[in-house]
Every structure is written in C-alpha cells, then in structure tokens.
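Residues per chain, in single letters:
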Amino acid sequence: MAARVGVVTFPGSLDDRDAARALRIAGAIPVALWHGDADLRGVDAVVLPGGFSYGDYLRCGAIARFAPIMSELVPAARSGRLPVLGICNGFQILCESHLLPGALTRNSSRHFICRDQLLRVESTATAWTGDYHTGQEILIPLKSGEGSYVADPATLDELERDGRVVARYAGAAPNGAQRDIAGITNEHGNVVGLMPHPEHAVEALTGPSVDGLGFFTSLLAHLAAGPVPAAATAR
Amino acid sequence: MPEAPQLDTVAKAAGSPDSPQPFAELGMKDDEYARVREILGRRPTSAELAIYSVMWSEHCSYKSSKVHLRQFAEKAPRNDALLVGMGENAGVVDVGDGYAVTFKIESHNHPSYVEPHQGAATGVGGIVRDILTMGARPVAVMDALRFGPLDAPDTRRVLPGVVSGISFYGNCLGLPNIGGELGFDSGYIGNPLVNALCVGVLRHEDIKLAQAPGPGNKVVLFGATTGPDGIGGASVLASATFDEESHAKRPSVQVGDPFLEKLLIECSLELFAADLVVGIQDLGAAGVSCATTELAAGGTGGMRIELDRVPLRDSRLTPEEILMSESQERMMAIVSPDKLSAFMDVCAKWDIVATVIGEVTDVTPEEAERGGRLVMTWHGETVVDMPPRTASDEGPVYERPIARPSDQDALQADTPDQLPRPANDAELRAQLLRVLAAPGIADPSWVTRQYDRYVLGNTVLATPHDGGMVRITDDGERGVALATDGNGRYTRLDPYTGTQLALAEAYRNVAATGARPHAVTNCLNFGSPEDPGVMWQFAEATRGLADGCRELGTPVTGGNVSFYNQTGSTAINPTPVIGVLGVIGDVRDRLTSAFPADIDDARLYLLGTTRDELGGSAWADVVHGHLGGLPPAVDLTAEAALGRVLSAGASLNVLAAAHDLSDGGLAIALAESALRGGVGCTVDLTGDPFVALFSESAARVIVAVAPTADAAFQETCDRHAVTATRIGSIGGDALRVRHATGGFEIPLTELRTAYESTLPSVLDGE
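Within every chain, residues take consecutive numbers counted from 1 along the sequence as written. Written order determines the labels here, with chains lettered from A and ligands numbered from 1. Note on the predicted model: pLDDT of at least 70 is required for a residue's local features to be given, and 80 or more for side-chain atom pairs to be given and counted; whole-chain, interface and lining totals, by contrast, use all residues. In computing side-chain values, all of the structure's heavy atoms are included and hydrogens and water are not.

**Observations concerning the overall build of chain A**
At step 1: From N to C terminus, chain A includes 6 helices and 11 strands.
At step 2: Taking 18 Å as the expected radius of gyration for a compact globule of 235 residues, we find that chain A reaches 16 Å, a close match to that expectation.
At step 3: Expressed as a percentage of the 235 residues in chain A, the buried residues total 62%.
At step 4: Should any heavy atoms of two residues lie within 4.5 Å, those residues are considered in contact. Counting only contacts in chain A whose residues sit at least 6 apart along the sequence, the fraction spanning at least 24 positions is 73%.
At step 5: Two residue types count as positive, namely Lys and Arg, and two as negative, namely Asp and Glu; His and chain ends fall outside the count. Just so you know, the charge point we use is NZ for Lys, CZ for Arg, CG for Asp and CD for Glu. Seen as two clouds, the 19 positive and the 24 negative side-chain charges of chain A have centres 2 Å apart. Per the convention used, a helix needs a DSSP run of H or I reaching at least four residues, while a strand needs a run of E reaching at least two, with both numbered from the N terminus. For the radius of gyration, the atoms used are the C-alpha atoms, and the globule rule reads 2.2 Å times the number of residues raised to 0.38. For the exposure calls, accessible area comes from a 1.4 Å probe over protein chains only, and a residue counts as buried if that area is under 20% of its type's maximum, exposed if over 50%, partly exposed in between.

Have a look at this one:
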C-alpha cells in the first residue's frame, strides 16, 4: 500500500498543491492537513510547504509554530518517528519550532531571489535524501526573501561534525547563508529543512530539471525499509 | 475630504438647497454638479456628492474615452470562444473541455509614482480581485513597466520600489509572474507606467457576474476593515494632472495586505464552489460607492445599506469617507438569506470578517424608470437616496475636442534616413553591442528574479521567452499563453499604426510560443484628455486597435484607460499596452526562444520580409537619440499567416525554437536566442547588412529547424504562403555575421557581458 504523506496548509501556505503533486508523482498518496486541526490523520510523514504562513508577520514561521497541528507534529518529529520535510517557509517553521537549530534571515541582497539553483547533496543519511549520492549536484528552484541560514559557530561546527548539513549551495550562496548551507537535518535524520524547492523540479515541462523528485522517492524507500530510525540505517 | 462637523441628511439637503458644496475640490465640473441636482431634484447630501464625484471621475466613468471605446464592441470580430464580452469586470474566453479563462490588464501609474512600493503592490491586488470576481481562480500575473531613464536619480527611487511592491504582493499571494515588459524613456520620468495583468481559470458554469437580483437577498461586505487609506484616490489621484504637490498626496495611496488577499481568494473560491453567492463585486476604485451602485444597477435597481454597519479600522470615519475609501482586500457579495449561515461559516474558516450591511429591495416602476433606488442610512438617518444607475451607468459622456498635434508633420518628416549609418564591420559590431546593452533591451533579470515564477507548478514558459504560458489544470495538457506589448515611440510617430504594431507584436509573441491567439485586453496610457492633441492620439489609437482586432479575428474583451499621464503640460508618449491571450491544446508542444544546443546543424530561417524601416527603431534611439519618421508598416494578413505557421509548426514538431523580431530587429533576436540557448550561430546576410540587422519590419520571426524536419517545415510555410529565408545555421560559441563584402563575430561571452551588465551596474546597491 502506498505511503500516505501529509501536506499542511497554514493560512498563507502557497506551495501546498505543488508538494502534493510532487508526492503523487513520486508514488505517494498526499493527505491534506489543516493547520487548525490537532490531527495528523495517521500519515506516515509530513511536508511543511513553502509560502508565507500567517503573512510572515512577526517573523517567518513564528506564528505557524503555535498552530494546533504543530502540537501533534512536534513530539512525533522530535522523537525521530515521523519524517518531516520543511521546504522554504516550512524550514523556517521547523527552526522556529526548535526541531532544527539556527534561523533563516533576510537575503544578503535584501531582495527576493527566484533562480534555478545548483545544490550539492552533502548527506544521504536522512529519511529524505537516501536516493541521492553524496556530492551529487542537483538543480532545483530557489525562491525566497529570507533564506539566509544562520547559527552560532558552535552549532555550525556541530552540524558539520555530525554530518547534518544535508545540502549546500554550489558556488557561493546567493542569499548569504553561512557555510553555504541550503538544508540541514536533526540528529535522527528524520526532520529535514531545505530552503530551495524540490517540489518544483519534478516535471521536465515545468521545472529546470527533475532532480527534486529524489527527496520524495527517498522518503518512500525509507518508509518501505521499515520503522528503524533513518540515522541508524543510513549511516 | 472637507470637514463634515454635522451629519448631512437627505432631509437637511432638501431644506438647505443653497448650502455651498465642495464639488470642485472633488473634481466635479459645474455642469456635472448641476446635473446631479437635476437628477435628485435637490442638492446632493455630502454622502451623495461623494458617490457621484468618484463614480463620475474619469477613472470610473470613462467619460472621455467611452465614445471611442464603443468601436471595440461595434467592430468586434465574431469569435465563438468569447463567453463574456466587454462591460463585466473582465472578459471570459472558452479554452475547451468546459474550461474558460478570464484576463485583464489595469494601470496603477499615479500611485506608483507617489509611493512606488505600495502603489505597485495594490495594483497587483486590484487586478487579481477583478479576476477573482468573475468566479475564476487567478493563476498567473504579468506586468508591463515603463520608467524614466535608467540612470536618472528618480528612476532609482521608483524602479526598485515598484519591483519590490510587485514582488512582495504577487509572491505572497502565490501567483507566478510569467512575463511582461520593462521599458525606459525620458517621458516617463515623472510618470512611470505600472500596468498589471492577471489571468484566471474557471469552469463555464462558474462564471459570476456583478449583479444583485432578488429582493430580500443580503448585501455582505467581507475582507478587510475599512480605513482612511486611499480616500479620494479615484477622483484626486487618477483623474487629475500630476504636479509638484504629488508628494503631499501620499495618504491617498492605499496600503496592501497580500496575506489577507490570499485568504480572500481561497475563501471566495470556496464560497463559489459551494454556490453560496448570487452576485459579487470587488471593491477597487471608489470602494463601497462603486460596489453598491454597480451591484444595485445590475440587479433589481433597489438596495438599502446601513453604512454604520461597515466594520472600520478608524472609528472616526464619516459616511462620506467610508463611501470613498479605497481600502484594499474587500469584496461585496449578494447572498440569499437561506445561505447566509453557510456563507458566514466559510468566512470564519478563513478568518475573514464578513458583515451584512444591507439588502436588495424592490423598486416601483417609477423608481426603475429613474434608475432604481439606493438608500443608505447612518444610525437611522437617511444620508443617501438616489437612483444608482445614474451613478454607475449614466455618468457624463464627453466628445472631447480632437486636433492633430501641430508638430506631427514635422515629426514624421524628420526621418531616420539622414542619420549616419555604420560605415564598416567594426561599427556594425559596436552598434550591435550598444543596442543590446540598452536598458530597455538588456537582460531584465534584475527585475524578474525578484518574482516567483514557479509557484502553482504549472508555469510552462516565463520570462525571458516571447510569451508566458501556464498549464490550466494538473490533469490535462491544455494551456494558455499571454504576452503584452507596447511601443510609445511608434505610437507617438503614428498612433493608429503604432497601436496596431503593439497588437501585432503581442499576437506574434503569443504565436511564437506555439499557441493560437484568441482575445485581446488593453491598457491605454495617455496624457490629458483635455488636450486635443492627446485626444487625437487616443482616437487614432483606439481606431487602430479596433480595426486591427477585427482583421486578426481577436476581439477586445476588456481593458482599462489611464489618462492624465503627464507631468505639468508634458504628456507621455501615447502608450497603449496590448495584451493577447492564446490557447494551446498541448503545452508539451510549446516553443521557446532559445536556440537548441542539442540538435546537430540546426538550420536558421527568417520568416517574413525585411524592408528599410528604422523610424522609431531602437537603433535610432540608442545610437542617435532620434525619434522621427514613420514606424514600420503593418501587415496583419502577414501576421495572421505567420501565426498559422508557428502554431502548425509547433503542433507538428517541425520547429526547434522561435523568436519574434521587434526592438533592435534581427541583431537583437539572434543575440537573445543564442544567449538563451548557450549556443552561437552563423548567418549570411544578403543586401545591406545594416538594414538586415537593425530594421524593425513587422511580421517577422526567426525559427530553428532540425535538418530532419526541414521538408515538413518548408511544406508548412508553403501551405500558409509565408516566405522562409534560410539565413544560417546554429552552432559554435559566437554570433557570426557574414555578408557580401565582409563580416564580424562576437563571442557569446562578450554578448553576455553586454546583455547582463546594464541593470546591475546601475541598480545594485539600491
């Protein structure tokens, strides 16, 4: 039976349909989850999509963190059980929820940036990247105004040491992200935050490549492999 | 607004017929005010005066343009695809399989000069609500932008602000920005043009119209609360000439909240899907005044509104200010009483404030005869009692004086023929690079990379290609393509021909994506209608567009007129911006403008005929700062034939790329296609290489053809009687030009530097 993967819609979520489409193309059954329901509907994994949840007022992701659905999601994700991929605004929400360390700040150019971005996959030891190989370069869209990853030096060192940098911008980070970090994972490898949008690189017709599909097929392979925490299987 | 210390009621108005009223300050002429008194049989209350002043403003009433716009309907070609024509919020075009699309372009020029970020942002918001109001899901936006010279200090204030406003609002709404225009000319320095286009998709049966039938039905205002922003915007900003005091008008510009608009879109679509509304209208210019009078006039003619029930952001607002407020992100719906509870539940789900502010009423035959009856009360006292149709549909209509400008003959006589042309290959080469680097031609990425083109996941083509294209559903391959074009220089030289050239270019751009052009929208940006010379330009332009649309078989489905685009007495070059929408059965057949790097020895053809036509050209402008002579000739029969070749060529898969020739002629088209494909080309020119490279003759495109498709391509061209001239081959890493007496080459790296450096060199760090 195909995996059921939830996509949460917050007020102001924009790429929720796109995440659902990408999951469908990968072979999963997307399940719509509503921010106001404290109910994960028994899904096998969750995608927090891009957008401007709550208008990005106060701070990107800061209000979404308190949505009822998060009260179910956070403990399940923190325990290592539930695979969660936060894309763009979803990454910001994961940081605000303290499921991932650090924060996303305004691009160094101060402008919104929409471009086809080359990334280098740094870790395949997560629930979402097992289908790639380490060092693989992939081309997927980046589109964000506050995508510059920052953390204190000790945290950055720890991420590097533990192999928790999932992807880096190839060449210089277009948004000023520290150590060119585009995506990171938690200590279990089940929670991944990624600034660029793999769900927009799943069809040759509408994307710059189909390189983004791997995030979603990786998840399905991971789920098919059983309930063992990703970190234990992939390393 | 003047102070209104005491409530002005209908009773009071009847008892004080001679009380002086500030109609002139609200932009009304003496005879317009006299007509209001005649309609009402008394002086208007200050609330009624507010309604008439905004509804009869140039912006809302089209009083100067109406007599000219009629020909769009009178000359409209028969097109079975048109489901809703002009007059509604936007036209609706059938695209097959039960789907339809609606699209429209609108200006937000003056607000964007006063406060570039919010002015441009709310321009996007307004056009998106127009599309939503038709019952459609908005699926993409485009914007046509024109500024003063790139290096002018004020352009560095206005351009980044406008771009950040569009980026902020459009990105946050989740609508892909799939293309548009970026132009520069000294005439726009105190009056930028910010024209925003939106396209939406709906099922045939979901078309919504602005009407309020059914006495007893409730009038519901939903969305944002009403505040003091934009008060007087319609009458003061959009309908008066700009002057030094513009900056003092800042509070007249509305402030946008795209997050709320996103919720309003989702909420409205859910209301439509559940069939919970009878009629709907967005609140744009003239706010509550416009929505109530138009909805009432479109229904029974009767409506009763309790103005004090309008939720306010500032409790001090007077009835007049509520009527004139242009607060954004508001809609008005007509809802039958038995569905009101379900309506309110959907609004609550999306955290949208919704308030019943009145109901539809019956009218007597006498009242209907007078134009219906709209009554508004303020805490029980009647402040408005008027026939709504007199405000919405029966405003003044002017036959403004028309006079061909006295300098028109001299301008046309000053042809580009006496301009020095490049004397040798080195000069040709240098001038090609110069034109390529000109701000209006160079790479617009500094602007377009700030727009999300991917969201919704259906963008098939976007900037920099000739047109934008979106797939209209996830589960099918049907799509629509859109392009906007306008050239104020051509239109200044000859408004009739210039407007047809804009239409032809947009038509050609859509055709160059492989889609079949179907329908037209327009944003007519002109100077003051009180200037007979401007009105002559307007009359010629509208006549040209109506004639052109008839000939091409593409009806005008709607549009917008923006007058008073001038600074002091100096008008902008007349700038009609024409949007064309096309349909493609299978988006996988779309053509791009990038030369194919993966086909060995692809052949390069020029379709169409090149003549010595350099009047109004980019070359004359960039190299000589010259504007004179006549624009290129128009041949709409040739454009239509070209369109058929491109459409057939795309669906038969005989074309590997297509790019239209426009500003800068063949030289620029070759450079752009080479840079986009990352592969060079070699062309052999016959005749005068300068004319071949820089002429802007219309009805031309370049196409790339794989050797294996050559026979089928020739056959397609023959069938549609289009001349195809083999001009070279694709390959290498340079643009190589050869002609009878020599030639030159420019490496792609050098082309790229020229093309990509211009905007960043001026705008970075802003």
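**A few points about the UniProt feature "binding site: substrate" (unreviewed entry) in chain B**
All names here are of chain B.
At step 1: Mapped onto this structure's residue numbering, the UniProt feature "binding site: substrate" (unreviewed entry) falls at S107, H108, N109, H110, R129, Q254, E326, S327, Q328 and S562.
At step 2: By secondary structure assignment, the location of H110 is in helix α6 (residues 109-114).
At step 3: Classification of H110 by relative accessible area gives buried; the value is 3%.
At step 4: For Q254, the location among the structural elements is in the loop between α9 (233-237) and α10 (258-273). UniProt positions are given in the numbering used here, feature names are shortened, and annotations may be inferred rather than shown by experiment.

**Focus: a nonpolar patch on the surface**
All names here are of chain A.
At step 1: Taken together, Y57, L58 and I63 make up a surface patch of nonpolar side chains, about 310 Å² in accessible area.
At step 2: Here Y57 lies in the loop between β3 (45-48) and α2 (68-78).
At step 3: On the accessibility criterion, Y57 (36% relative accessible area) is partly exposed. Only residues whose relative accessible area exceeds 30% and that take part in no salt bridge are eligible for patches, with like-charged residues grouped when within 9 Å of each other and nonpolar side chains (Val, Leu, Ile, Met, Phe, Trp, Tyr) grouped when within 5 Å. Computed by Shrake-Rupley with a 1.4 Å probe, the accessible areas treat only the displayed protein chains as cover when residues are assessed. Here a salt bridge means any side-chain nitrogen of Lys or Arg lying within 4 Å of a carboxyl oxygen belonging to Asp or Glu.

**Considering the nonpolar core**
At step 1: Ranked by internal contacts, the top residues of the largest apolar core, which has 137 residues, are A:F10, A:V46, A:L48, A:L73, A:Y149, B:F222 and B:F343.
At step 2: Ranked by residue count, the leading element in this core is α10(B), at 9 residues. Side-chain atoms within 4.5 Å link the members of a nonpolar core, which is a set of buried Ala, Val, Leu, Ile, Met, Phe, Trp, Tyr and Cys residues.

**With respect to the UniProt feature "domain: Phosphoribosylformylglycinamidine synthase linker" (unreviewed entry) in chain B**
At step 1: Under the UniProt annotation, "domain: Phosphoribosylformylglycinamidine synthase linker" (unreviewed entry) lies at residues 25-63 of chain B.
At step 2: Structurally, residues 25-63 of chain B is divided into 64% helix and 0% strand, and its ends, taken at the C-alpha atoms, are 19 Å apart.

**Concerning the pairing of strand β27 (residues 734-739) of chain B**
Residue and element names in this part refer to chain B.
At step 1: Pairing of strand β24 (residues 681-685) with β27 involves 5 bridges; the strand directions are parallel. If you follow C681 over to β27, its bridge partner there is L735.
At step 2: By this definition, two strands are paired if DSSP reports at least two bridges between them. With 6 bridges connecting them, β27 and strand β28 (residues 742-747) associate as antiparallel partners. From the neighbouring strand, H739 faces β28, where its bridge partner is G742.
At step 3: Taken together, β27 and the strand that follows it, β28, pair antiparallel across an intervening segment of 2 residues.

**Here we look at unusual backbone geometry**
Residues and elements named next belong to chain B.
At step 1: Omega for the peptide link from T463 to P464 comes to 10 degrees, which places this bond in the cis form.
At step 2: Topologically, P464 is positioned in the loop between β14 (459-461) and β15 (468-471).
At step 3: Even without being a glycine, L456 presents a positive backbone phi close to 80 degrees.
At step 4: Mapped onto the elements, L456 comes out in the loop between α18 (445-448) and β14.
At step 5: A relative accessible area of 13% means that L456 is categorised as buried.
At step 6: The phi torsion at A721 lies on the positive side, around 55 degrees, for a residue other than glycine.
At step 7: Tracing the sequence through the fold places A721 in the loop between α26 (710-719) and β26 (724-730).

**Here's the deal with the environment of B:E381**
Residue and element names in this part refer to chain B.
At step 1: When you line up the elements, E381 lands in strand β13 (residues 381-386).
At step 2: Judged by its relative accessible area of 42%, E381 falls in the partly exposed class.
At step 3: Once the C-alpha coordinates of E381 and Y454 are considered, the two residues, 73 residues apart in sequence, prove to be 52 Å apart.
At step 4: When residues no more than four places from it in sequence are discounted, the contact partners of E381 are L7, T9 and M376.

**A short note on helix α17 (residues 425-436) of chain B**
All names here are of chain B.
At step 1: A helix is expected to span 1.5 Å multiplied by its residue count minus one. Taking 1.5 Å per residue as the helical rise, α17 with its 12 residues ought to reach 16 Å, and the 16 Å between its terminal C-alpha atoms agrees with that figure.
At step 2: All of the buried residues along α17 are D425, L428, Q431, L432, L433, V435 and L436.
At step 3: In this structure, the buried residues of α17 make contact with α22 (618-624), α24 (665-677), α25 (689-694), β27, β28 and α27 (748-763).
At step 4: For α17, the N-terminal cap is N424; the gap from its side-chain oxygen to the backbone nitrogen of A426 is 3.1 Å. Pairing of N or O atoms within 3.5 Å defines a polar contact, subject to two protein rules: one partner must be a possible hydrogen donor and the other a possible acceptor, and residues neighboring in sequence count only if both atoms are side-chain atoms.

**Some remarks on the UniProt feature "active site" (unreviewed entry) in chain A**
Residues and elements named next belong to chain A.
At step 1: In this numbering, the UniProt entry assigns the feature "active site" (unreviewed entry) to C88, H197 and E199. Sequence-wise these annotated residues cover 112 residues; spatially they are packed, their C-alpha atoms never more than 10.9 Å apart.
At step 2: Among the structural elements, H197 can be located in the loop between β11 (191-194) and α5 (213-224).
At step 3: When residues no more than four places from it in sequence are discounted, the contact partners of H197 are D15, G50, I87, C88, I140, P141 and K143.
At step 4: Along the chain, the position of E199 falls in the loop between β11 and α5.
At step 5: Here E199 falls in the buried class, since its relative accessible area comes to 2%.
At step 6: Not counting chain neighbours up to four residues away, the residues in contact with E199 comprise D15, D18, A19, A22, I87 and F216.

**Quick notes on the interface of chain B and chain A**
At step 1: Taken together, the contact pairs 33 residues of chain B with 28 residues of chain A.
At step 2: Between chain B and chain A, a total of about 2600 Å² is buried, with carbon and sulfur atoms accounting for 56% of that surface.
At step 3: The interface formed by chain B and chain A holds 6 salt bridges in total.
At step 4: Between A:R17 and B:E266 there is a salt bridge whose closest N-O contact spans 3.5 Å.
At step 5: At the junction of chain B with chain A, the criterion picks out 13 residue pairs in polar contact (both at pLDDT 80 or more).
At step 6: Just so you know the grouping, Ala, Val, Leu, Ile, Met, Phe, Trp, Tyr, Cys and Pro go in nonpolar, Asp, Glu, Lys and Arg go in charged, and all remaining residues, Gly too, go in polar. In the side of chain B that touches chain A, the residues fall into 12 nonpolar, 8 polar and 13 charged. Buried area is a sum: the accessible area each of two parts loses on coming together, probed at 1.4 Å, counted once for each and added.

**What to know about the sheet that holds β28(B)**
Residues and elements named next belong to chain B.
At step 1: Within the open sheet, the 7 strands sit side by side as β23-β25-β22-β26-β24-β27-β28. Their pairing is mixed. In this open sheet, the two edge strands, each paired with only one partner strand, are β23 (657-660) and β28. The mean angle between the axes of side-by-side strands here comes to 20 degrees, regardless of whether they run parallel or antiparallel.
At step 2: Axes, fitted as lines to C-alpha atoms, cover a helix only where it is in contact. Angles between the N-to-C directions of the axes lie from 0 to 180 degrees. α24 contacts β22 (603-607), β23, β24, β25 (701-705), β26 and β27 of the sheet and is inclined by roughly 140 degrees relative to β23.
At step 3: Running over the sheet, α26 touches β22, β25 and β26 and is turned about 5 degrees from β22.

**Considering the packing of aromatic side chains**
All names here are of chain B.
At step 1: Centres within 6.5 Å are what make two rings of Phe, Tyr or Trp a pair, Trp counting through its six-membered ring; a difference in plane orientation under 30 degrees is then read as stacked, over 60 as edge-to-face, and the rest as tilted. This model, assessed by the stated rule, comprises 14 aromatic pairs over all chains.
At step 2: Pairing F147 with F184 gives two aromatic rings, centres 6.3 Å apart and planes at 40 degrees, and the pair type is tilted. Taken as a pair, F147 in strand β4 (residues 137-147) and F184 in strand β5 (residues 177-184) lie far apart in primary sequence, 37 residues in all.
At step 3: Residue classification places F184 among the buried residues on the basis of a relative accessible area of 14%.
At step 4: Here the aromatic rings of F526 and F538 are separated by 5.1 Å at their centres, their planes lie at 85 degrees, and the arrangement is edge-to-face. In this pair, F526 sits in the loop between β17 (516-525) and α21 (532-552) while F538 sits in helix α21, placing the two residues 12 residues apart along the sequence.
At step 5: A relative accessible area of 0% places F526 in the buried class.
At step 6: Residue F538 is classed as buried on the basis of its relative accessible area, which comes to 0%.
At step 7: One aromatic cluster is present, built from ring pairs that chain together F526, F538 and F563.

**With respect to the packing of helix α20 (residues 495-511) of chain B against α21(B)**
Residue and element names in this part refer to chain B.
At step 1: Look at α20 against α21: their axes get within 7 Å of each other, and the N-to-C directions meet at 40 degrees. One way to sum up the angle between α20 and α21 is to call them oblique. In this structure, the crossing between α20 and α21 has a hand that is right-handed. Taking contact as the criterion, the partners of P495, Y496, T499, Q500, L503 and Y507 in α20 are, on α21, W536, Q537, E540, A541, R543, G544, L545, D547, G548, C549 and L552.
At step 2: The residue inventory of the contact of α20 with α21, partitioned by class, reads 9 nonpolar, 5 polar and 3 charged. Every angle not falling under 35 degrees, over 145, or within 65 to 115 is termed oblique; those three ranges are roughly parallel, roughly antiparallel and roughly perpendicular. In this scheme the crossing of two helices becomes right-handed for a clockwise turn of the near helix relative to the far one and left-handed for an anticlockwise turn of less than a right angle.

**Some points on the confidence of the model for chain A**
At step 1: Values of pLDDT, ranging from 0 to 100, describe the predictor's confidence in every residue of the model. Averaged over all residues, the pLDDT of chain A equals 94, while 96% of them reach at least 70.
At step 2: Across residues 230-235 of chain A, confidence stays below pLDDT 50; counting only partners more than four residues off in sequence or on other chains, it has 13 contacts.

**Considering the pattern of salt bridges**
At step 1: Scanning the entire structure with this criterion turns up 55 salt bridges over all chains.
At step 2: Put simply, A:E96 and A:R59 hold a salt bridge, and the shortest N to O gap is 2.7 Å. Highlighted residues: A:E96 in helix α3 (residues 89-96) and A:R59 in the loop between β3 and α2, separated in sequence by 37 residues.
At step 3: By relative accessible area, which is 15% here, A:E96 ends up buried.
At step 4: The class of A:R59 is partly exposed, set by a relative accessible area of 46%.
At step 5: The shortest N-O distance in the salt bridge between B:R389 and B:E394 comes to 2.7 Å.
At step 6: Take B:R389: its relative accessible area is 28%, and that puts it in the partly exposed class.
At step 7: One salt-bridge network, in which partners are shared between bridges, spans A:R120, A:E122, A:D157, A:E160, A:R168 and A:R179.

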